[in-house]
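Read off the chains here:
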Amino acid sequence: MSSHPAQQETILCGIDLGSNSFHMVVARVGKSGQFTFIDRRKEYVRLAAGLRKDGSLKKGTRERALACLSRFGDRLKMIPERNVRVVGTNTFRKAKDPEFFAQAEAALGKSIHVVSGNEEARLVYQGVGFSVHEDGLRLVVDIGGGSTEFILGENDDILETASHYCGCVSWTLRFFKEGKLKREYFEKAIMSARRETGNDVRRFRGKYEIALGSSGTINAIEKVVTSLGFSDEGITSDSLEKLQKFLCDAGHISKVDLPFVSEERKQVLPGGLAILRGIFRTLGVEHMRA
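No experiment lies behind these values; they were computed from the predicted model shown. (Residues numbered from 1 in each chain as written. Predicted model: local features only at pLDDT ≥ 70, side-chain atom pairs only at ≥ 80, totals over all residues. Heavy atoms only, no water.)

## Looking at the packing of aromatic side chains
- A complete count under the given rule lists six aromatic pairs for this structure.
- Plain terms: the ring middles of F92 and F100 are 6.0 Å apart, the flat faces sit at 40° to each other, and that makes the pair tilted. When sorted by exposure, F92 lands in the same class as F100, which is buried.
- Centroid distance F176 to F186: 4.7 Å. Interplanar angle 55°. Geometry classified as tilted. With a gap of 10 residues between them, F176 in the loop between α5 (168-175) and α6 (183-202) and F186 in helix α6 connect regions that are remote in the sequence.
- These aromatic residues form a ring-pair network of at least three members: F92, F100 and F101.
- Seen from the ring of Y165, K94 lies directly overhead, with NZ or CZ sitting 4.9 Å from the centre.
- The ring centre of W171 lies 4.9 Å from the NZ or CZ of R174, which sits over that ring. (Phe/Tyr/Trp six-rings, centres within 6.5 Å; stacked < 30°, edge-to-face > 60°. Buried < 20%, exposed > 50% of the residue type's maximum accessible area, 1.4 Å probe, protein only. Helix = DSSP H or I, 4+ residues; strand = E, 2+ residues; numbered from the N terminus. Lys NZ or Arg CZ within 6 Å of the ring centre and 35° of its normal.)

Shown next, in the form of structure tokens:
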């Protein structure tokens, strides 16, 4: 006996294989198209930290990633392939390790789609659109583990995109080695972020009315600056400067006390903060909301 159409449901799963963390979201879609989230999983794999210059992955990083994907794969066994979308971003774009790619798909039991930087930007903007309904030109910034995406849009329409190879993991490893925090390290990281994005993102300057940040890094920074009393609402240039001083006063990431963010996020916060300060300077951002 077949089920009545009203009782039928569709289960969808989206997996984001980022350079810092892997995310999985499983949702039930009702007849009206309404999403009900039934499972969320997130693991800090830090894939970018294990990427060698030749594009191969270090053994420990590979094992950590495959173990996470195997756990995700166990959850996916009862969901049809057509209802699952697995997306690999910056580190998957840069990796030259076909053996790892094959092992990753085998662990998941599903196909992995590696998207371009511009496609990643489009997906970021589409996601932001579900929670932001204000009219006006929007600048959306997403600081990932290995890359940063910029999107200029209005309502549902994307006008321009950009993607650059600077992320919270790669910048932390490059400029804040062994967890040491100094003002001169931040200034070098900020200037390098500005050079990396270069003239490309200056085309966004003065074109937007609302600045939004969508990544875990920017969400964490907003939480930190408001919790520490550096800002009454959202992220400002002044609050970022105060956060930088707060970190430098600690001198080392192990001495930074931020109970309201995870230990994994805290470890890569310096690189993300430097990139965001560079973006504020380059684009003249006065206020950003996560």
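## Let's talk about the nonpolar core
- Core analysis: the biggest nonpolar cluster contains 48 residues, and I221, I235, L276, L283 and M288 have the highest contact counts within it.
- At the level of elements, β6 (137-143), β7 (148-154), α5, α6, α7 (216-227), α8 (237-250) and α10 (269-283) are the ones that each hand at least two residues to this core.
- Residues in contact with I235, not counting those within four places in the same chain, are I218, I221, E222, V225, L240, L276, F280, E286, H287 and M288.
- Counting 23 residues, the second largest nonpolar core, distinct from the first, contains C13, F22, L57 and A104. (Core = buried A, V, L, I, M, F, W, Y, C linked by side-chain atoms within 4.5 Å. Contact = heavy atoms within 4.5 Å.)

## Side note on the environment of S111
- Mapped onto the fold, S111 is located in the loop between α3 (98-108) and β5 (113-114).
- Under the relative-accessibility criterion, S111 is labelled partly exposed at 33%.
- Note: C-alpha distance between S111 and V84 (27 residues apart in sequence) is 8.8 Å.
- Excluding anything up to four places from it in sequence, S111 contacts E81, V86 and E105.

## As for the sheet that holds β6
- Here four strands make up an open sheet; going across it, the order is β8-β7-β6-β9 and the pairing mixed. Two strands close off the open sheet at either side, each with one partner strand: β8 (157-164) and β9 (210-213). Strand after strand, the sheet turns through a mean of 15° between neighbouring axes, direction not considered.
- Pairing geometry for β6 and β9, over four bridges, is parallel. By the bridge assignment, L139 is partnered in β9 with A211. (Pairing = 2+ DSSP bridges. Axes fitted to C-alpha atoms, helices over the stretch in contact; angles between N-to-C directions.)

## Overview of the pattern of salt bridges
- Following the criterion strictly, the structure yields 17 salt bridges and no others.
- Here K77 makes a salt bridge to D74, at a shortest N to O gap of 3.5 Å.
- Take D74: its relative accessible area is 49%, and that puts it in the partly exposed class.
- Because the salt bridges share partners, they merge into one network encompassing E160, D200, R203 and K207. (Salt bridge = Lys/Arg side-chain N within 4 Å of Asp/Glu carboxyl O.)

## Details of the state of the cysteines
- Following the criterion strictly, the structure yields zero disulfides and no others.
- You can see C166 has no disulfide; the closest cysteine sulfur is in C168, sitting 10 Å from it.
- The buried category is assigned to C166, whose relative accessible area is 0%. (Disulfide = S-S within 2.5 Å.)

## A look at the sheet that holds strand β1 (residues 10-17)
- The five strands are arranged β3-β2-β1-β4-β5 in an open sheet whose pairing can be described as mixed. With partners counted over all chains shown, the strands left at the sheet margins are β3 (35-44) and β5, one partner each.
- Of the strand pairs in this sheet, strand β2 (residues 21-29) and β3 are connected by nine bridges, and their pairing is antiparallel. Paired with R28 across the strands is T36, a residue of β3.

## Some remarks on the pairing of β6
- Most of β6 sits out of view: six of its seven residues are buried.
- In this sheet, β7 lies alongside β6 in antiparallel orientation, the contact comprising seven bridges. By the bridge assignment for β7, V141 is matched with F150.
- Here β6 folds back onto β7, and the loop between the two strands holds four residues.

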